[in-house]
Each structure stands twice: as C-alpha cells, then as structure tokens.
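Chain and residue survey
Spelled out from the first residue to the last, the chains are:
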Amino acid sequence: MRRRGPGLRVCGSREGNGTQREPESGKNGESSHGGTPYRPDDAAARGSSKIEGMPDDFMPLEGWDHLELWVGNAKQAAYFYEQAFGFTPVAYAGPETGVRDRASYVLEQGEIRLVITSGLRADSEVARFAYAHGDGVKDVALRVPSAQEAYRQAVQRGAVGVVEPHWVEDELGRVELAAIGTYGENLHTFVNRSAYEGVYLPGYVSTLGNGAVREGVGLRAVDHVVGNVELGRMNRWVEYYEQTMGFTEMIHFSDEDIATEYSALMSKVMTGGKGKIKFPINEPAEGRRKSQIEEYLDYFGGPGVQHVAMQTEDIIATVDALRERGIRFLDTPDTYYEDAEQRVGEISEDWAAIRRLKILADRDDDGYLLQIFTKTAQDRPTLFFEVIERHGSLGFGHGNFKALFEAIEREQALRGNL
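This report concerns the structure included in the present document. On a predicted model such as this, the values are computed, not experimentally measured, just so you know. (Residues numbered from 1 in each chain as written. Predicted model: local features only at pLDDT ≥ 70, side-chain atom pairs only at ≥ 80, totals over all residues. Heavy atoms only, no water.)

Topic: the environment of Q83
- With respect to the helices and strands, the residue Q83 is situated in helix α2 (residues 74-85).
- Q83 sits in the partly exposed class, given a relative accessible area of 27%.
- Separated by 239 residues in the primary sequence, Q83 and L322 place their C-alpha atoms 9.6 Å from one another.
- In this view, Q83 contacts R214 and R325; residues no more than four positions away in its chain are not counted. (Helix = DSSP H or I, 4+ residues; strand = E, 2+ residues; numbered from the N terminus. Buried < 20%, exposed > 50% of the residue type's maximum accessible area, 1.4 Å probe, protein only. Contact = heavy atoms within 4.5 Å.)

Overview of helix α3 (residues 125-133)
- Where α3 is concerned, the buried positions are E125, V126, F129, A130 and H133. Axial view of α3: buried residues confined to an arc of 140°, hence all on one face.
- Of the surrounding elements, those touching the buried residues of α3 are β2 (63-70), β4 (102-109), β5 (112-119), β6 (136-143) and α6 (292-300).
- Where α3 begins, one side-chain oxygen reaches toward the backbone nitrogen of V126, 3.0 Å away; that side chain belongs to S124. (Arc of directions from axis to C-beta. Polar contact = N/O pair within 3.5 Å; in protein donor to acceptor, adjacent residues only side chain to side chain.)

Details of the nonpolar core
- One finds F85 and F190 to be the most contacted residues of the largest nonpolar core, which totals 85 residues.
- Each residue touching F190, except ones within four places of it in the same chain, is listed here: M59, L61, L142, V144, A147, A150, Y151, E176, L177, A178, I180 and M245. (Core = buried A, V, L, I, M, F, W, Y, C linked by side-chain atoms within 4.5 Å.)

Re the packing of aromatic side chains
- For the structure on display, the rule yields 19 aromatic pairs.
- Ring centres 5.2 Å apart and planes at 55° place the aromatic pair F85 and F385 in the tilted group. In this pair, F85 sits in helix α2 while F385 sits in strand β18 (residues 384-391), placing the two residues 300 residues apart along the sequence.
- Owing to a relative accessible area of 2%, F85 belongs among the buried residues under this scheme.
- On the basis of an interplanar angle of 75° and a centroid distance of 6.2 Å, the ring pair of F129 and F300 is categorised as edge-to-face. Taken together, the residues span a long stretch of sequence, with F129 in helix α3 and F300 in helix α6 at a distance of 171 residues. For the residue pair F129 and F300, the accessibility class agrees, reading buried in each case.
- Chaining the aromatic ring pairs together yields one cluster made of W64, Y183, W237, Y240, Y241, F247 and F279.
- Cation over ring: R174 sits above W167, and NZ or CZ is 3.7 Å from the ring centre. (Phe/Tyr/Trp six-rings, centres within 6.5 Å; stacked < 30°, edge-to-face > 60°. Lys NZ or Arg CZ within 6 Å of the ring centre and 35° of its normal.)

Observations concerning unusual backbone geometry
- A positive phi angle, near 55°, is found at K274, a position not held by glycine.
- Mapped onto the fold, K274 is located in the loop between β13 (264-272) and β14 (277-285).
- Judged by relative accessible area, which is 79%, K274 ranks as exposed.
- Positioned with a positive phi, K358 is a non-glycine residue whose angle comes to about 65°.
- Note that K358 resides in the loop between α9 (351-357) and β16 (360-364).
- Judged by its relative accessible area of 17%, K358 falls in the buried class.

Here we look at the pattern of salt bridges
- For the coordinates displayed, the defined rule picks out 14 salt bridges.
- Ionic pairing is found between E249 and K268, a salt bridge with its closest N-O pair at 3.9 Å. On the criterion of sequence distance, the pair formed by E249 in strand β12 (residues 248-253) and K268 in strand β13 is long-range, its members being 19 residues apart.
- For E249, a relative accessible area of 35% gives the class partly exposed.
- Each of D65, E108, R113 and R193 takes part in a single network of salt bridges with overlapping partners. (Salt bridge = Lys/Arg side-chain N within 4 Å of Asp/Glu carboxyl O.)

Regarding the pairing of β5
- Of all eight residues in β5, seven are buried, a share of seventy percent or more.
- Pairing of β2 with β5 involves four bridges; the strand directions are parallel. When the bridges of β5 are listed, L69 appears paired with I116.
- Looking at chain direction, β4 and β5 are connected through eight bridges and run antiparallel. Each bridged residue has a counterpart across the sheet, and for E108 the counterpart in β5 is R113.
- The turn joining β4 and β5, which pair antiparallel and follow one another in sequence, is formed by two residues; a positive phi near 60° is taken by G110. (Pairing = 2+ DSSP bridges.)

As for α6
- Where α6 is concerned, the buried positions are Q292, I293, E295, Y296, L297 and F300.
- Just downstream of α6 lies G301, where phi reads positive at about 85°.

Below is the structure:
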C-alpha cells in the first residue's frame, strides 16, 4: 500500500490535502478565482471567430480522466459499484489521510475511473449537494496535456473559472489540476497527470494491497456522458461548448425524432478531443404529459448528468454478469424483436441472446450498435447507466429511441410521475 509521504506539496491550491475543492462563488455567479461567467446571449455578439493568435485546436483533450459522484454515503455507494458493476477499489482519501471534510473512494474498471465522495459534516459542500440533488455526478474530468493552458483558453473564451491551475505533489510525482463550471453545479476538471506515477492523485493512498483486483464485468471505457437541461437552454449550452472548449455539433435530434404518445425531448450531441469526448445535451419538449427530462429536473433540482454510457466488447457477457450481480435494466417488450433482425440486418451476436437479455440494436451508415439501459441507480429517478457495444456505428441508437422512452415512461407511470 502506498501512503502519502510527509513530503506532499500543494502548489497554488486552497487545499493542503491534495484534493481539489470548489471555492465559493462570488457575486452574480462569478467564481472567486475570477473569470467572467459565460453569457450565451452574448455569443452572437462575440461571433465564432477564433481568438487572435490562438491555435486552431486550442483544447487538445486527450480523453476521459474520471467521473466524480457526490453521494450521501460514499462507503456504501462504493461497495455498490464494486459488487454490482464489478469495479475494483484502487485508492482512498479521508480522515485517515488528513482530509477532514470528506471521504473519497476511487474505483477502476478498464479505462473507467469513478471517484465516489461524501461529506463528513452537515455544512460540507458535498453533503449539501447530496441533500439537494441526491447521488449524482459532480465532476466530469478530462485529461489534457496542460491544465493551465486548457483553463486559460476556456476562461478567456467565457467559461467560468472555478479552480485555478495548480500542482499537487508527493514522492510519486505531481499532477496539474484546474476546473471550470458547466450546467447546473457540474464541473469539468482538467487533469494533467503525465508526471505522476501514483494510483490516482497525491493525498490518496492505494488500496490495491487490500485484496485481489477484480476481473470486472467487461466494461472498458466511457463512451459518452448525457446532460439534462431546462426547456430553452439546450442551444445555450451547445454554444457554451462550442465557444469555450471548441466542441462541434455531431448530431441533432428534434422532438419529432424523440417522441412517444405522451412526451418528447430534443437533443444535440457535442463532441471534442477529435471524437474521444461526446456530450449529448437534452431538453424537454412540449408534450401531453411530463417528460422524462422534466421528471429528472424536478427530482434532481435542476440541470445535471442524466446517464453515463460505458463501452463493452461483449455486451452479452457483460449484461449476463450484471444481471447476476443484481443490476436491473429497463424492460423491452417482445414486440420490439419481431422486426429487429430485419431492421438491423446481420450481426455477429446471437439474436436469441439479444432477445433474452432485452438488448436493443440499431444500424446506421457506419455499422451497428447494441445497447441497454439500467434502471436508476438510486431512489431518486435521476442518474442511470448505459452499456453499449459498437461495431462501426457512430450513432446513439436512433432506431431505439421510441422503445427506450416508452420503457422509461412505464417506469415513470409506476412512480406516478407520467
């Protein structure tokens, strides 16, 4: 087990324990670190022209670094993700390591890293978040070659600076961190860990010596992270990602594309990092009854991450393993499979297994994909997960939208929220 040595150094940070902490906001929503909040209404006035002297690829994202969930009880939540989803605990920070206000458990599977954090006192910002929103994703952290440069580029283009660039260090090296705000209370932390050999961050101790590394259930990497925002706000956040991080719109789904008898939603998919990072952004649309997005916004208390999609190379084996571990998935009626084989065409997987496990299938011009969605991971009908296997397809299961959202509406009806 690696423990933090006495030589831990934090340069330019407000925290001395090696963990980043969101500072209190200033007046009018401005960060206490400075920076002007992004005002999407001003986007037209600013225009889309590049800032003079800046390179075309001003935000070279290398990939996903981690997702941090703020929860009511991190120890129990970490146990759930370990036992039910097959993650391996790899690191820990808390009172035993000198952190006084929170406890964090780091779990990994494939290239996916989750950090599960809860507050230790009633006045903790983490405890307040969990009280207001329930368990949810607070931080979608992105790996970059320079956190300072990523932060500078984003903030000068209108992003809200939340944590200024700084280094945290110990005997295993150093990590550079910075963070900006996005919709709701969510963050994007920029992480440069190229000079660090530890398991996660300085200030965390390795827990790999406490037991064997789990084989997992075949989850390999984060595919995309979906956000829900209020009616009329989707295009504003699309502009935010375009202007401050150089993202481009990959695909747009109208309320005609995503509609059932009772409700509808609209979605735009933003992508950056040369296609490595994908952020679909949803907003509700007018419908006869409350949409799934409206239900989310009601129970989460505002915008936030709706679901996290995780890639697998063998969805049948992965879903079998998850079901054995107790994960519950949205149900798909047998009628969906009556024309599925004809609609999707030839695939490598066994259709009988696809039907048995209630997996959805879709094809586009580039290939096909297989996907399935869990029920919500906590009592509030907010965060859930997707398991996806891609065979060339770059889409998001357009042909499955109706079946998926009807399944979600059946769950809404059971809760009395449709």
